[in-house]
Amino acid sequence: MIIESSTMESEDEESLLGQESEDENSELSDSELQEAFAKGWLKPGMNVLVDKTKKHVNNVEGLKQCLAGFRKDLPWAERLDMTNLPAEDVIYKAEGKKPAVKIGDVNPDDDFQREMFFYRQAQATVLDALPLLSKHGIPTKRPDDYFAEMAKSDQQMQKIRKKLISKQLILEKSEKAKKLREQRKFGKKVQVEVIQKRHKEKRDMMSSVKKFQKGMTDKLDFLDGDQKKPREPSQAQNKVAKDNKKGPNAKRKYKDQRFGFGGKKKGKKWNTKESHNDVSGFRAKVANAKGAKKGAKGGKQNKRPGKSVRKKTKSRS
Amino acid sequence: MSAFKRKRGGQAPGNKKAKKAKFVADTSEAPKENEQEKTHEITVPAPVSQGKWKNKERVLIFSSRGINYRTRHMMQDLRTMMPHSKADTKMDRKDKLFVVNEVCEIKNCNKCIFFEAKKKQDLYMWVANSPHGPSAKFLVQNIHTLAELKMTGNCLKGSRPLLSFDPKFDSEPHFAVLKELFTQTFSTPRYHPKSQPFVDHVFTFTINDDRIWFRNYQIMEEDAALVEIGPRFVLNLIKVFQGSFGGPTLFENPNFTSPNMHRRQIRLAAAARVREKQMVKELQKLKRAGTKEDVTIDVTADVFLTPADETPVLIQTEAPEPKVVKKNKHKAFKRQRMARK
């Protein structure tokens, strides 16, 4: 049972009328406890003494009277005060998000939100007050030739300007440095590519020269290499396009057929009616071609000459 | 004397006259009727406000001893922002608070902003309506002054401010009293001799997290583009009194913990954490020590005991006879054996 100490104190004043308690310093002496027990306030069990919760003064009537007493009924032009909610958050609207706070509290730990809240409140005030000010004839814009002392000295403003400029410079420098780093990386890539291309060209040239020497080719087209070049990229592109159209490699197709989608189905019938009637593997060109040509240019270009011929050319060169 | 910048190329003499006579004639007259002032150039300077300054509001801004540099600068900034303010020397802390009322009376001020620094750490601010009116005590936190380089705005010295209040000020009676107090204290009276006729900055009072946040913005454009001028601070309401610097308490903030209590709580929490860790450590020690038992009896000793027949124990009292080694006489010598092989 919890006994409030304040109630006990009032109790003991009544009970000790004319009585002297032995230890007047302690709050609950034996006699007091006995009295309380007699009255039925104490019950068997653990009794804990607890401080009454502090009552905080909120004298609403007093506050209202006070306000009525000291308020001055001045015209608005004297006070220039406004009470308003913050202006609409344009950024949030633009992004399509709902504003985080409607009328509730902004999170005081979120610095940016909080300051934006105050800023928008001031903005709303300014927007509402400007027409009122013009109505009362109070100017807000300072004419250009009106020079007067400012709250912050010119020196201070110079310092501020310098700081802002230095911040901007630092930012620009870091951006430049980043760009340079990127460029260097890119430049390196390009350089490597160019070198590789040159090596490739050299290799091709040497191989074509060797071929000519050995007698595999009798044309000297490789010497006019530069002229061919503009055609090659387009050819390469066409080739690439054609290859892409045909779809995956024949090898890929075969592998898919054997292992794709869970692999070969066990116990599938081989020579069925459907497989017999299936003529998709028939190529008319291949079947009807008589004496197929081994190459478009002629066999000899791709074929390696015989030993005697090689010996001859070797001795010659 | 403030340094007036004179524009080359000459100005209308009327305007020049208005600037020079700033401390003498009413500046609000400057924009209107330049011609009249041209004729008044030689005449006796007009009385201070030409009878237009009616709202005689004066604020006394001063502090007790023991304030630090930030507070001092903030006080000076407030004096700069409020042309209707007066300064006074630091009050000795030995004097009781109601002495402040007398100081106000001497200086002929009817409002007072008094800064009190305790323990060189905590700053309390009293805002009071001097002779009879209410007063409020605040704890000030997060002070930023005009001189900070991040506050890039600027305004005319002594220009009148717009005051902006949160709608929460109308919700509670104690906030309503505070709103009235702030309005009367911070708004510069119209036609005050030291004031400028333009309205170019706005004070914001917002209630958030049970505290009052103060900000000061400069109005840059007519479309409400604002830049912060400063100073800025946060007020934590402690009590509202019916009298000036005393009197019965009208309102007490239930959520307020004095900075001492706050620091004490932090210290107690840290101490409690350390004690808890120690207790846990001790418990663990006990646990480990408790489970260990001294092994005196080997429980597994009887495992290999099998019941067997009792054999009589023979004890030899005499030493056994030595073994007789018979030498093989017929064995040949080693050399001969080797020769044979």
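For clarity, every value in this text was computed on a predicted model and none was experimentally measured.

A. Summary view of the overall build of chain B. Helix and strand content of chain B: seven helices and 11 strands. Counting all 341 residues of chain B, 44% fall into the buried class. Long-range pairs, those at least 24 residues apart, make up 62% of the contacts in chain B between residues at least 6 apart in sequence.

B. Just the interface of chain A and chain B, in detail. Listed as interface residues are 63 residues of chain A and, on the opposing side, 80 residues of chain B. A buried area of about 6500 Å², summed over both sides, lies between chain A and chain B, and 59% of it is on carbon and sulfur atoms. Counting across the interface, chain A meets chain B through five salt bridges. Here Lys72 of chain A makes a salt bridge to Glu57 of chain B, at a shortest N to O gap of 2.6 Å. At the junction of chain A with chain B, the criterion picks out 33 residue pairs in polar contact (both at pLDDT 80 or more). For the side of chain A that touches chain B, the elements supplying multiple residues, two or more each, are α3 (60-70), α4 (76-79), β3 (81-83), α6 (111-136) and α7 (154-214) of chain A.

C. Main features of the nonpolar core. Grouped together as the largest cluster of nonpolar side chains are 46 residues, with contacts concentrated most on Phe182 and Phe205 of chain B. The biggest single contributor to this core is helix α5 (residues 173-186) of chain B, with six residues. Every residue in contact with Phe205 of chain B, bar those within four places of it in the chain, is listed here: Gln121 of chain A together with Leu163, Ser164, Phe165, Asp166, Phe169, Phe182, Phe186, Ile212, Trp213 and Phe214 of chain B. Formed by 22 residues, the second largest nonpolar core is a distinct cluster that contains Ala122, Val126 and Ile138 of chain A together with Ile219 of chain B.

D. Just the packing of α3 of chain A against α5 of chain B, in detail. Interaxial distance between α3 of chain A and α5 of chain B falls to 9 Å at its minimum, and their mutual angle equals 25°. With respect to α5 of chain B, the axis of α3 of chain A lies roughly parallel. The handedness of the crossing between α3 of chain A and α5 of chain B is left-handed. When α3 of chain A is examined against α5 of chain B, the residues Val60, Leu63, Leu67 and Phe70 of chain A are found in contact with a partner set consisting of Pro173, His174, Ala176, Val177, Glu180, Leu181 and Gln184 of chain B. For the contact of α3 of chain A with α5 of chain B, the class distribution of residues is eight nonpolar, two polar and one charged.

E. A look at α6 of chain A. All names here are of chain A. Helix length check: α6 (26 residues) gives 37 Å between terminal C-alpha atoms against 38 Å at 1.5 Å per residue, within 8%. Its maximal kink placed at Ala129, α6 deviates by approximately 35°, while the proline Pro131 follows within four residues. Gly137 occupies a position one or two residues after α6 and carries a positive phi of about 80°.

F. Inspection of the confidence of the model for chain A at higher detail. Residues and elements named next belong to chain A. When the pLDDT values of chain A are averaged, the result is 79; 76% of them are 70 or greater. Ranking the helices and strands of chain A by mean pLDDT puts α7 first, with 93, and helix α1 (residues 5-15) last, with 47. Contacts from residues 5-26, a stretch scored under 50 in pLDDT, to residues over four places away or in other chains number 20 contacts.

G. Fine view of the pairing of strand β10 (residues 232-243) of chain B. All names here are of chain B. Buried residues dominate β10, accounting for 10 of its 12 residues. Relative to β10, strand β5 (residues 135-144) runs antiparallel, the two sharing eight bridges. Paired with Ser135 across the bridge in β10 is Phe241. Note that strand β8 (residues 211-219) and β10 share three bridges and pair antiparallel. Looking at β10, one finds that Phe214 is bridged to Phe233. Here β10 folds back onto strand β11 (residues 246-252), and the loop between the two strands holds two residues, one of which, Phe245, carries a positive phi near 55°.

H. Expanded view of unusual backbone geometry. Between Gly230 of chain B and the following residue, Pro231 of chain B, the backbone shows a cis peptide bond with an omega angle of 0°. Relative to the helices and strands, Pro231 of chain B resides in the loop between β9 (226-228) and β10. In this structure, Leu80 of chain A takes a positive phi of about 55° despite not being glycine. For Leu80 of chain A, the location among the structural elements is in the loop between α4 and β3. The exposure class of Leu80 of chain A is buried, given its relative accessible area of 1%. Positioned with a positive phi, Asp209 of chain B is a non-glycine residue whose angle comes to about 60°. Mapping Asp209 of chain B onto the fold places it in the loop between β7 (196-208) and β8.

I. Main features of the side chain of Arg160 of chain B. As for its placement among the helices and strands, Arg160 of chain B is situated in strand β6 (residues 159-165). The buried charged residue Arg160 of chain B lacks any salt bridge, with Glu78 of chain A as its nearest oppositely charged partner at 4.8 Å. Polar side-chain contacts of Arg160 of chain B include one of 2.7 Å to the backbone oxygen of Ala77 of chain A. Among the polar contacts listed, one links the side chain of Arg160 of chain B to the backbone oxygen of Thr188 of chain B, at a separation of 3.1 Å. The residues contacting Arg160 of chain B, other than those within four sequence positions of it, are Ala77, Glu78, Leu80 and Ile138 of chain A together with Thr188, Pro189, Arg190, Gln196, Phe198, Val199, Asp200 and His201 of chain B.

J. Structural detail: the side chain of Thr188 of chain B. Along the polypeptide, Thr188 of chain B turns up in the loop between α5 and β7. Note on Thr188 of chain B: relative accessible area 1%, which makes it buried. If we ignore the near neighbours within four places in the chain, the residues touching Thr188 of chain B are Glu78 of chain A together with Pro83, His84, Ser159, Arg160, Pro161 and Ser195 of chain B.

K. Region of the structure containing the pattern of salt bridges. Evaluated as defined, the whole model comprises 19 salt bridges over all chains. Its salt-bridge partner being Glu115 of chain A, residue Arg114 of chain A comes within 3.1 Å of it at the nearest N-O pair. On the accessibility criterion, Arg114 of chain A (9% relative accessible area) is buried. Between Lys157 of chain B and Glu149 of chain A there is a salt bridge; the shortest N-O distance is 3.5 Å. Of this pair, Lys157 of chain B sits in the loop between β5 and β6 while Glu149 of chain A is found in the loop between α6 and α7, placing the two residues in two different chains. Among the residues examined, Lys157 of chain B registers a relative accessible area of 33% and is labelled partly exposed.

Analysis parameters
- Residues numbered from 1 in each chain as written.
- Chains lettered and ligands numbered in written order.
- Predicted model: local features only at pLDDT ≥ 70, side-chain atom pairs only at ≥ 80, totals over all residues.
- Heavy atoms only, no water.
- Helix = DSSP H or I, 4+ residues; strand = E, 2+ residues; numbered from the N terminus.
- Buried < 20%, exposed > 50% of the residue type's maximum accessible area, 1.4 Å probe, protein only.
- Contact = heavy atoms within 4.5 Å.
- Buried area = accessible area lost by both parts, 1.4 Å probe.
- Salt bridge = Lys/Arg side-chain N within 4 Å of Asp/Glu carboxyl O.
- Polar contact = N/O pair within 3.5 Å; in protein donor to acceptor, adjacent residues only side chain to side chain.
- Core = buried A, V, L, I, M, F, W, Y, C linked by side-chain atoms within 4.5 Å.
- Axes fitted to C-alpha atoms, helices over the stretch in contact; angles between N-to-C directions.
- Parallel < 35°, antiparallel > 145°, perpendicular 65-115°, else oblique.
- Left-handed = near helix turned anticlockwise from the far one by under 90°.
- Nonpolar A, V, L, I, M, F, W, Y, C, P; charged D, E, K, R; others polar.
- Expected span 1.5 Å × (residues − 1).
- Bend = angle between axes of the 7 residues up to and from the residue.
- pLDDT = per-residue confidence, 0-100.
- Pairing = 2+ DSSP bridges.
- Lys, Arg positive; Asp, Glu negative; His and termini not counted.

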